[in-house]
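Secondary and tertiary structure notes
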Amino acid sequence: MAAHAQADPGRRDEIIESMLRFTRLAHNMIQNNYQGYLSHEGDRFDPLKFGLARAHELSTTLQWLYENVDDENQSVIWDTMDLMWTGAEIGGRDWSKFFVPGTFPTSASVKPQPNFQHGINVAQGLRYMAQKYRMNHDEKLAHQTREAVDMAFRYHGTASGSITSDEFLGGPSPERGTELCMAVELMFSLSWLHRLFGDNDYADLSEQAAFNALPGGISPDWWTHQYVTQSNQPWAKRLDGRPFYDVSPYGNVFGLEPDYPCCLVNHHQGLPKLVCSAFVRKGSNGLIHRFLIPAEISVELDECHVSVTADTHYPFDQIISYKFTATKGFDFYIRLPSWVTASSRAILPDGRATPLVRDNSDVFHFAIPAGSSQLMVTLGTEIRVVERPLSSAVSIYWGSLLYALDIAFSETSTVPTHWKKNVDPLPTDQTYPQLRDRMLVPEEGAEWRVAIDPSQISIRWANQDTDPASPLPSPIYERGAPPMVLLIAAIRVAWPVVNGAAHGVPTEVTTEGEPFVAKFVPFASAPLHMAEVPTVSLPKMDLAGWFAQQRLAYLARGRYSSV
């Protein structure tokens, strides 16, 4: 409703009044012994206390409402939020008691567990202390929020920017799945925390989830999705075992309802929310481009109307072209992600070039004059080989994109099946023909058991278009569409399969066969992929020459190159 009011100013007052009517009703019920919130004898609702675990969800909207109504309506909103917090504490769902060293789980969940460890609850619960902080300004809550995010990613984070959550927290192992809903909820929570506190890595993590985890769980045409995506996913099919906490063996199939339909109805909101929060105000006369996606904004600042258009191929390139129209000069800022290098630079509206030097707030300031002007920013970046926490594996990044081994596959499909056991087909007259349950298995000869030599990595651009206003291939996450790939020296290694999945990451590397050149591509463009791999030292290889020879051989046989 808050988003609706912002998107449709003509109905803003009507929407706010309806929100106030709801708030008054909720207040009347909750102050009556927490009616409809805490279960009492004879009640039949919320037996698992999921509503209690999400007090902060209503508070998110009520805090916006509080800031957009007259003083006479603020007291009932404030009191409703206070009652929600108190009810959560009475009902045993106070997240400040969970995000505590010694209490917070540092390993994968084992049945049974309270819904504190339910992955989506955790993603949303990251805002619990921060929203209370906005009301009481207790710095301990701000500090605990920082600790909560750090613990969640240290012990359960994935290379794609999400958190393992095959229903419940799954630890760091790459065969454990992360729900598509988790990416969506993490993006929102981390975006919200960045807007409140300004910690740069909150925005970095939001982008990482948005460009890797979210599209990685959705087919490029958006007709099918996975319930869970694995960091190491050499196949997407009904698994022979169950490597997950409480997800069926069908959970990584691309389909309509590969498991519980929460992801079906939730995954669509992730990107719109990211776009809506790409720009934020700074003070009365400033604007920050914080999520560096192509976007436009038209806004009133301090006695100044401003329009900004950002054209870019980001995250597939690092050039951003800005066009400004302003009735008066204003302050414009661009967020500098933590991975940018000293080679970052800008061409100012007056034509001068300047290096982008990071200040304490991780934003760079530009004074934009009145009238029409332009600005060109180039962010420096380089390949990063990142060791995975609590593991012998590494993951490869370029900018905010995770790169993963691209595994060639063959596909079979069926009509969509009902999420309970995924056996019964859905009525064909109630579905679109594009909706299929898609099973993917490695093509014959396609290798997934690999270790890499991270000292031998080469960038290969299929098409480096430096004009940020030109269109990228669409859909950009189609296999083979992203413009840049990495060629990496690799070799096959022994890698066991347990419970139908590639098991962990080998701690002792046993090589098999001869070295070859592996192709790593943006994670979300490889539905079958390996994103966490062991390392090994290999003889020096001619990466470009070897790759060209193999590609010619594959083309001669009429096959897509898998290496």
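A brief structural summary. Because the structure is a prediction, the values reported are computed rather than measured. (Residues numbered from 1 in each chain as written. Predicted model: local features only at pLDDT ≥ 70, side-chain atom pairs only at ≥ 80, totals over all residues. Heavy atoms only, no water.)

Structural notes on the overall build of the chain
Selection criterion: In this text, helices come from DSSP runs of H or I with a minimum length of four residues, and strands from runs of E with a minimum of two, each type numbered from the N-terminal end. Radius of gyration: C-alpha atoms only; globule rule: 2.2 Å multiplied by the number of residues to the exponent 0.38. Between buried and exposed lies partly exposed: a residue is buried under 20% and exposed over 50% of the maximum accessible area for its type, with that area taken using a 1.4 Å probe on protein chains only. Throughout, a residue-residue contact means that at least one pair of heavy atoms, one from each residue, lies within 4.5 Å. Each accessible area is a Shrake-Rupley estimate made with a 1.4 Å probe; only the visible protein chains count as cover when residues are assessed.
Along the chain, the regular secondary structure elements total 12 helices and 26 strands. On C-alpha atoms alone, the chain measures out to a radius of gyration of 25 Å, which is about the 24 Å that the 2.2 N^0.38 rule sets for 563 residues. For the chain, the spread of C-alpha atoms along the three principal axes comes to 75 × 70 × 50 Å. Scored against the burial criterion, the 563 residues of the chain give a buried share of 56%. Long-range contacts, defined here as pairs at least 24 residues apart, represent 70% of the contacts in the chain between residues at least 6 apart. Taken as a whole, the chain presents about 24000 Å² of accessible surface, with 51% of it coming from carbon and sulfur.

Here's the deal with the environment of L472
One can find L472 in the loop between β21 (450-461) and β22 (484-493). A residue is classified by how much of its surface remains accessible, and L472, at 26% relative accessible area, is partly exposed. Separated by 160 residues in the primary sequence, L472 and T312 have C-alpha atoms spaced 9.6 Å apart.

Quick look at the side chain of S395
Just so we agree on the cut-off: N or O atoms closer than or at 3.5 Å make up a polar contact, with two conditions inside protein: a donor-capable atom paired with an acceptor-capable one, and, for residues adjacent in sequence, both atoms drawn from side chains.
By secondary structure assignment, the location of S395 is in strand β17 (residues 394-398). Owing to a relative accessible area of 0%, S395 belongs among the buried residues under this scheme. Within the structure, the side chain of S395 is placed 2.8 Å from the backbone oxygen of A531, a separation counted as a polar contact. If we ignore the near neighbours within four places in the chain, the residues touching S395 are A159, R384, V385, V386, R388, L402, A531 and E532.

Thoughts on the pairing of strand β16 (residues 383-387)
Every other side chain in a regular strand lies on the same face of the sheet, so the side chains alternate between the two faces. Rules: The pairing criterion for strands is at least two bridges between them, as found by DSSP.
Relative to β17, β16 runs antiparallel, the two being bridged by five bridges. Each residue of the ladder has a partner; that of V386, found in β17, is S395.

Considering the packing of aromatic side chains
Just so we agree on the cut-off: Planes of paired rings set the category: under 30 degrees apart is stacked, over 60 is edge-to-face and the rest tilted, where pairs are Phe, Tyr or Trp rings (Trp by its six-membered ring) whose centres lie within 6.5 Å.
With the rule as written, the count across this model stands at 25 aromatic pairs. Residues Y314 and W339 carry aromatic rings whose centres are separated by 6.4 Å and whose planes lie at 15° to one another, so their mutual orientation is stacked. Taken together, the residues span a long stretch of sequence, with Y314 in the loop between β9 (304-312) and β10 (319-326) and W339 in the loop between β11 (330-335) and β12 (345-347) at a distance of 25 residues. For the pair Y314 and W339, one class covers both residues: buried. Where F330 meets F332, the ring centres are 6.5 Å apart and the plane angle is 80°; that geometry is what we call edge-to-face. Residues F330 and F332 agree in their burial class; the two are buried. Among the aromatic side chains, those forming a connected cluster through ring pairs are W95, F98, F99, F104 and F116.

Some points on unusual backbone geometry
Negative phi characterises most residues that are not glycine, and trans characterises most peptide bonds. For the peptide bond that leads from Y314 to P315, omega is 10°, which places it in the cis range. The amide bond that connects S474 to the next residue, P475, takes the cis arrangement and shows omega of 0°. The phi angle at L390 is positive, at roughly 60°, despite the residue not being glycine. Along the polypeptide, L390 turns up in the loop between β16 and β17. Owing to a relative accessible area of 61%, L390 belongs among the exposed residues under this scheme. Not every positive phi belongs to a glycine, and N422 is a case in point at roughly 50°. Relative to the assigned elements, N422 resides in the loop between β19 (409-414) and β20 (437-442).

Some thoughts on the pattern of salt bridges
Quick note on the threshold: Here, a salt bridge means any Lys or Arg side-chain nitrogen found within 4 Å of an Asp or Glu carboxyl oxygen.
Applying the stated rule across the entire model yields 23 salt bridges. Between E67 and R134 there is a salt bridge whose closest N-O contact spans 2.4 Å. Highlighted residues: E67 in the loop between α3 (55-66) and α4 (71-90) and R134 in helix α6 (residues 128-136), separated in sequence by 67 residues. By relative accessible area, which is 49% here, E67 ends up partly exposed. Notably, a salt bridge pairs K519 with D406, separated by 3.9 Å at the nearest N-O pair. Here D406 lies in strand β18 (residues 401-406) and K519 lies in strand β25 (residues 511-522), a separation of 113 residues in the sequence.

Overview of the side chain of R93
We count it as follows: Under the convention used here, Asp and Glu are negative, Lys and Arg are positive, and both His and the chain ends fall outside the count.
With respect to the helices and strands, R93 occurs in the loop between α4 and α5 (119-125). Lacking a salt bridge, the buried R93 has D46 as its closest oppositely charged neighbour, with an N-O distance of 8.0 Å. A distance of 2.7 Å separates the side chain of R93 from the side chain of N115, its partner in a polar contact. When residues no more than four places from it in sequence are discounted, the contact partners of R93 are L48, K49, L52, A53, A88, N115, F116 and Y128.

A few points about the environment of Q131
Inspection of the secondary structure assignment puts Q131 in helix α6. What makes Q131 buried here is its relative accessible area of 0%. Note: C-alpha distance between Q131 and P249 (118 residues apart in sequence) is 37 Å. When near neighbours in sequence (up to four residues on either side) are disregarded, Q131 contacts H56, S59, T60, Q63, W85 and W192.

Details of helix α2 (residues 12-30)
An α-helix turns once per 3.6 residues; consequently, residues spaced three or four apart project the same way. Using the following cut-off: Expected helix span is computed as 1.5 Å times (number of residues minus one). An arc is given here, and it is the one of the directions from the helix axis to the C-beta atoms.
The terminal C-alpha atoms of α2, which comprises 19 residues, lie 27 Å apart, in line with the 27 Å expected from a rise of 1.5 Å per residue. Buried within α2 we find I15, I16, M19, L20, T23, A26, H27 and I30. Each buried residue of α2 sits inside an arc of 140° when the element is viewed along its axis, so together they form one side. At its buried positions, α2 is contacted by α1 (2-7), α3 and α4.

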